[in-house]
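Listed here are the chains, written in short residue letters.
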Amino acid sequence: MMFKEYNPHEDKILRIIDNNGKIINQKWKPDLDDKLVLQAYKDMLFARTADIMAVSYQRQGRMYTYPPNLGQEAISGALGKVMREEDWLVPAFRELGAWLAKGATLKEIFMYFMGYEEGTAFLNAKKLLPISVPIASQLLHAAGIGYSIKYKKEKDVVFAVVGDGGTSEGDFHEALNFAAVWKVPVVFIVQNNQFAISVPFKKQTASINIAIKSLAYGMPGIKVDGNDFFAMYSALKHAAVYAESGNGPVLIEALTYRKGAHTTSDDPTKYRSREEEQEWEQTDPMKRLGMYLKDKKLWSDEEENIIVEQYKLEVDKQFEEAESAPAYKLEDVFKYMYDEMPEDLKIQQMEYEKFLKWKEAQK
Amino acid sequence: MKVMNMVQAINNALEIKLAEDPNIVVYGEDAGLEGGVFRVTEGLQQKFGEHRVFDSPLAESAIVGTAVGMAMAGLRPVVEMQFCGFVYPAFNQIISHAARIHNRTRGKFKTPMVIRFPYGGGINALEHHSESMEALYGHIPGIKVVIPSTPHDAKGLLISAIESNDTVIFMEPKRIYRAIKQDVAEDKFTIPIGKAKVLNEGTDVTVVAYGAMIREVQKAMVLAKKSKISVELIDLRTIYPIDKETIIKSVQKTGRIAIVTEEPKTFGLAAEITAVVNEEAFLYLEAPPKRIAGFDTIVPLPRGEHFYMQSPEKIFYELEKLMKF
């Protein structure tokens, strides 16, 4: 069984392809048909293209602060292929590919980072929670959703994501404990991208890894190469089957590297070296899966160049749609505060309308 | 004298106190090497060492809770919360311990600590990055709450806060972190906690504001002047304890009061000041006190934020109505 073999006490890491895209672990290689793997690669490529363009839109002043995903695409890519329609995704804020897989649109995501609440409502995406900024707080919702699934005797699985910094918050520990005590179907995924803004992993915890924290709560945990699509797929699939079968939660530590800044407001040159960045560059998830596909003659640079150009047009189209969204209206401030709006709020809105009329008359 | 913005003035206050008192430690998320997300503590770790200025793991409750322990054991921690919207996990430690230890131990243990954080809107920020929640802290018995509006005041008030044997919540208006520059004395000086400042003397209406709203009121005063409205502007500087005397004296003279804040209106600081005026200067009032505050809504994301924030025009509009009452 995978979780026994990769006991976090020994700090083992599940890895299936090496940095050159060669299979080094037949035993745990998921049995996937080439078409699915190729589609996963394309999804990751689309997410990467959109992510790079998002940073550039922000730099052009067309969008506000944005948290780049660069270098972490395999985690969301694998999630996108493991999650079923009936499964829940409880995101943090750096899982672009997984949101898209769950039915969020790029237009919505862009709208969120342009400053519209509706961008995080993901109105047509089923079982996708909004982006969660208060660190680790969303994990408790995952445990609660897990309870509801068990209560209703459903077969859904909850996938809940947090970063390495988030594992220091009380909410992380409380969520793991509750989920394990209740034995509910939650797969907790820690994107260990080595930094909580500027704070490196070694200052975040004295544990040898994050996966080991699961053992104290009485649940299995596994450390996985988060830049290896196959390893992530395999671990997520095993965890999902384990959880769905009524065994309770699993913690997956996905070892990765945030190649970009924490957000577009951050400057990583302040706290890490160029050498370190270059070292991690070798493990880039797109490069590795791309090499695997090219070795198998399933993909080529020519195809990649053509499709990236198509993706850029698609991303631009959705960005422009977001840019031409209707102007934010006064009523949008109030309308969704309550199901049943208090009278006082209606008055506040009316009073402000009077001010707007006065202001108009001053012109 | 040296020209400083608020970030530099706060950094300067921390530097002076770190140099002067070996019991002071400064920590928080990203507060060490990087110097905080707004660079307020920049350079301090390099100057004073990692044992005195450091990055903590990411946990607000732990940051405040360990500070309470340090303070009881004789240190004087100055901790940073990254944003006003991220303090909430630390509430238990603030309310149940930082605010209560002194009383529960009949003064045997003191909690001389400062919890600093940026607050307020108007910077096109992400969700949870624009709140102005000072009323939550003002409502907690056992702590003091300070909000500066200028680099000079930020320095003098922070030094007082660090020297206070009580726990002080020090809220920094991030919208004007770098927007206002002024001459600030390089040597140590203090500004007393609990004292408001009359920034402008006037005869028609008292306006009480603080933090980033001072600048907006000053802009509104240009419009008011054209309409021959004479405004007496009070910078509150300390949220709790409120300087009632300065407010009452002013209202006794002007007969009118407006309070300008970024907070949601209901149960806010403006309501408290209104109550103080009603209790202590009711017979001097020529019009009901006016709260110029945010809506009782979440601060909208950037595209809708302008509706929520107080603009000079909005403040002037309300003052004009108040004069016509």
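Model, not experiment: these values are computed from the prediction. (Residues numbered from 1 in each chain as written. Chains lettered and ligands numbered in written order. Predicted model: local features only at pLDDT ≥ 70, side-chain atom pairs only at ≥ 80, totals over all residues.)

(A) Representation of the domain arrangement of chain B in the model. Residues and elements named next belong to chain B. When its domains are assigned, chain B resolves into domain 1 (2–184) and domain 2 (197–324). The gap between the C-alpha centroids of domain 1 and domain 2 is 26 Å. Taken together, the contact pairs 22 residues of domain 1 with 24 residues of domain 2. Of all the elements in the fold, those that place two or more residues in the side of domain 1 that touches domain 2 are α6 (134–138), β6 (144–146) and α7 (151–163). In the side of domain 1 that touches domain 2, the residues fall into eight nonpolar, eight polar and six charged. (Domains from an automatic or database assignment. Contact = placed C-beta atoms within 7 Å. Helix = DSSP H or I, 4+ residues; strand = E, 2+ residues; numbered from the N terminus. Nonpolar A, V, L, I, M, F, W, Y, C, P; charged D, E, K, R; others polar.)

(B) Representation of the packing of helix α5 (residues 106–114) of chain A against helix α13 (residues 301–323) of chain A within the structure. All names here are of chain A. Interhelical geometry of α5 versus α13 gives an angle of 50 degrees and a closest axis separation of 8 Å. Judged by the angle between their axes, α5 and α13 are oblique. Crossing of α5 against α13: the hand is right-handed. Residues L106, K107, F110, M111 and M114 of α5 form the contact with α13, whose own contacting residues are V315, Q318, F319, E321 and A322. (Axes fitted to C-alpha atoms, helices over the stretch in contact; angles between N-to-C directions. Parallel < 35°, antiparallel > 145°, perpendicular 65-115°, else oblique. Left-handed = near helix turned anticlockwise from the far one by under 90°.)

(C) Inspection of the nonpolar core at higher detail. Counting 208 residues, the largest nonpolar core has F159, V187, M232, L236 and I252 of chain A as its most contacted members. Here this core gets eleven residues from one element, more than from any other, and that element is helix α10 (residues 229–247) of chain A. Those residues in contact with L236 of chain A, other than ones at most four positions away along the chain, are A78, L79, V82, V187 and I252 of chain A. Membership of the second largest hydrophobic core comes to seven residues, among which are V299, F307, Y308 and M309 of chain B. (Core = buried A, V, L, I, M, F, W, Y, C linked by C-beta atoms within 7 Å. Buried ≥ 20, exposed ≤ 12 C-beta atoms within 10 Å, placed from the backbone.)

(D) Inspection of helix α8 (residues 213–226) of chain B at higher detail. All names here are of chain B. A rise of 1.5 Å per residue sets the reference length of α8, with its 14 residues, at 20 Å; its end C-alpha atoms lie 20 Å apart and thus fit the reference within 8%. Those residues of α8 lying buried are M213, I214, E216, V217, A220, M221 and A224. Positive backbone phi, approximately 60 degrees, marks K228, located one or two places after α8. (Expected span 1.5 Å × (residues − 1).)

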